[in-house]
Amino acid sequence: MHDNKNIMKKNKVIKTQWQTPRGTEDIYGINEILKQNIEKTCEEIVGIFNYQKIETPMFEYAEVFKRTVGDTTDIITKELYEFHDKKDRKMALRPEGTAGIVRAIIEHNLLKTRPFNKLYYSGAMFRYERPQKGRQRQFHQFGVENFVSKSHYVDFEIILIAHLILEKLNISAKLVINSLGNFETRTQFSLHLKKYLAKFSRQLSINSQKRLQTNPLRIFDDKIDRTKKFMKDAPKINEFYSQQEKNNFEKIIAMLKKHKINYEIDHTLVRGLDYYTETIFEFVPLELVNNQQSTLIAGGRYDMLMENLGGQNKSGIGFALGIERIIETLKQKKHLPVSDDRPLIFIANLSENGTEKAHDLVINLRKNGFRVEWNIQAQKLSKIFVQSDVFNPDVMIIIGNEEINKNNAQIKVGKTQKTIAINETVTYLRNILKKDK
Ligand code: HAM
């Protein structure tokens with residue numbers, strides 16, 4: 001009895017170890033189908049703009065992220081999955097994709113060769129966050145980075161790509177845009193903001209009080225503090241723009257207007273990563289989905305990132321789209337895409353004597369590019385119907401004793417059913433499925 005208890009206790013421990021770690025998930029079924037569709041749509045759109053794919057490691061030297069994302073950001077101070085490898089080197093799982101790409105550009109001198117200045121990526125990112133709907137510890141991003149030149153045409157191109165992806169996915173979202181100015185502008189603004197907020201420091205949350213010393217701009221991001229009157233009256237970044245920054249921002253806004261992309265200017269918009277300069281933007285859904293974290297796509301320009309990592313003085317701009325958040329948004333829609341739009345053929349194997357013949361037909365059809373499912377174990381038609389219902393096939397091919405004896409197959413498409421010679425199945429299917437299209 002005592003032993004049994006111990007065994008059960010042991011099993012319980014093992015069981016908990018078998019769950020996915022908190023904030024991670026297995027992706028399968030409809031989520032996997034949607035994930036693939038999203039990636040395919042994104043790739044189609046960036047292909048139109050002639051971007052090339054790049055894959056960087058899921059972990060880098062921790063310093064790569066610290067130098068770029070910013071020492072005082074939550075992503076670095078609280079959320080970085082940092083570890084020492086067996087030779088005691090400080091490593092980190094990537095919390096985002098931009099830093100690794102810039103590291104790769106410098107390492108391989110990619111900007112020397114023109115085709116490598118417009119890049120895209122897709123993959124898992126890791127942040128030790130408090131998990132909630134739309135916020136995980138392992139999540140997936142699709143992103144683009146452009147290093148062609150610092151021009152409002154490029155800023156517009158990046159925003160347009162994000163806009164077209166959402167349009168193609170049939171998601172209505174609002175573009176929120178701001179310019180953070182360059183490093184000097186931001187420093188000036190930061191000093192003024194700090195001075196202004198010092199008067200209200202007691203009314204700020206503990207977190208914002210800390211930020212007042214390290215990164216006052218981020219106080220605009222605090223859900224509660226941002227609604228307070230003194231925050232609404234606080235100085236705004238646009239009051240500090242140079243003429244050039246003002247002109248540049250206006251040019252981008254004019255292009256958005258010209259090309260009918262709805263936008264909202266929000267001079268309190270800031271980002272959780274420190275590398276941004278000038279244009280920053282986010283796409284937020286028009287309706288909140290299941291109360292999940294809302295930003296679907298976010299990005300902006302970064303003038304100093306490459307130099308900070310020891311590379312040349314070259315500005316870049318990009319964005320990343322949160323695949324899980326898009327999946328949740330799509331799941332709210334009634335018409336979900338199917339995994340594979342090629343028609344599905346189900347071969348119903350009714351008799352044990354015919355299994356070999358049915359299998360030959362399965363192989364022949366698959367070799368000819370048809371999508372085929374079948375029942376290996378011969379069964380009654382009524383049972384097969386229950387099984388095939390799950391697959392919802394477009395074509396049923398029935399092979400029973402009668403068909404085997406005559407070397408035939410019964411082909412059922414919708415309400416029409418026809419008996420044809422087994423060796424003519426491929427031609428017959430090609431014809432009817434072509435007609436159906
Ligand atoms: P980010 O705003 O940190 O920017 O992330 C971009 C997007 O990734 C978010 O808008 C959201 O959709 C998704 N995301 C972020 N964190 C999580 C999470 N914990 N769980 C689920 N989804 C999440 C960047 O990462 C920048 N690297 C974007 C960029 C590229 N800027 C310039 N180039």
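Calculation criteria
Residues numbered from 1 in each chain as written. Predicted model: local features only at pLDDT ≥ 70, side-chain atom pairs only at ≥ 80, totals over all residues. Heavy atoms only, no water. Salt bridge = Lys/Arg side-chain N within 4 Å of Asp/Glu carboxyl O. Helix = DSSP H or I, 4+ residues; strand = E, 2+ residues; numbered from the N terminus. Buried < 20%, exposed > 50% of the residue type's maximum accessible area, 1.4 Å probe, protein only. Pairing = 2+ DSSP bridges. Axes fitted to C-alpha atoms, helices over the stretch in contact; angles between N-to-C directions. Contact = heavy atoms within 4.5 Å.

Undergrad: Would you explain the pattern of salt bridges in this entry?
TA: Side chains that carry opposite charge are capable of pairing whenever their charged atoms lie near each other. On inspection of all chains with the given rule, the structure shows 24 salt bridges. Between Lys174 and Glu264 there is a salt bridge, with the nearest N and O atoms lying 2.8 Å from each other. Of the two residues, Lys174 is situated in strand β7 (residues 173-179) and Glu264 in strand β8 (residues 263-265); the sequence distance between them amounts to 90 residues. The partner of Arg226 in a salt bridge is Asp266, with the nearest N and O atoms 3.9 Å apart. In this pair, Arg226 sits in the loop between α8 (206-214) and α9 (229-232) while Asp266 sits in the loop between β8 and β9 (279-285), placing the two residues 40 residues apart along the sequence. For Arg226, a relative accessible area of 34% puts it in the partly exposed group. Residues joined by salt bridges that share partners form a network here, namely Glu60, Arg103 and Glu107.

Undergrad: Please explain the sheet that holds strand β3 (residues 82-84) as it appears in this structure.
TA: What links the strands of a sheet is backbone hydrogen bonding, and the strands pair in either a parallel or an antiparallel sense. Judged by pairing direction, the sheet is antiparallel, and its 3 strands sit side by side in the order β2-β4-β3 without closing on themselves. Looking at the sheet topology across the chains shown, the edges are occupied by β2 (59-61) and β3. Here the average twist between neighbouring strands, direction ignored, is 35°. Inspection of the sheet shows β3 paired to strand β4 (residues 90-93) by 3 bridges, in the antiparallel sense. Among the inter-strand pairings, Glu82 is bridged to a residue of β4, identified as Ala92. Contacts from helix α3 (residues 62-69) reach β2, β3 and β4, with the element oriented near 80° to β2.

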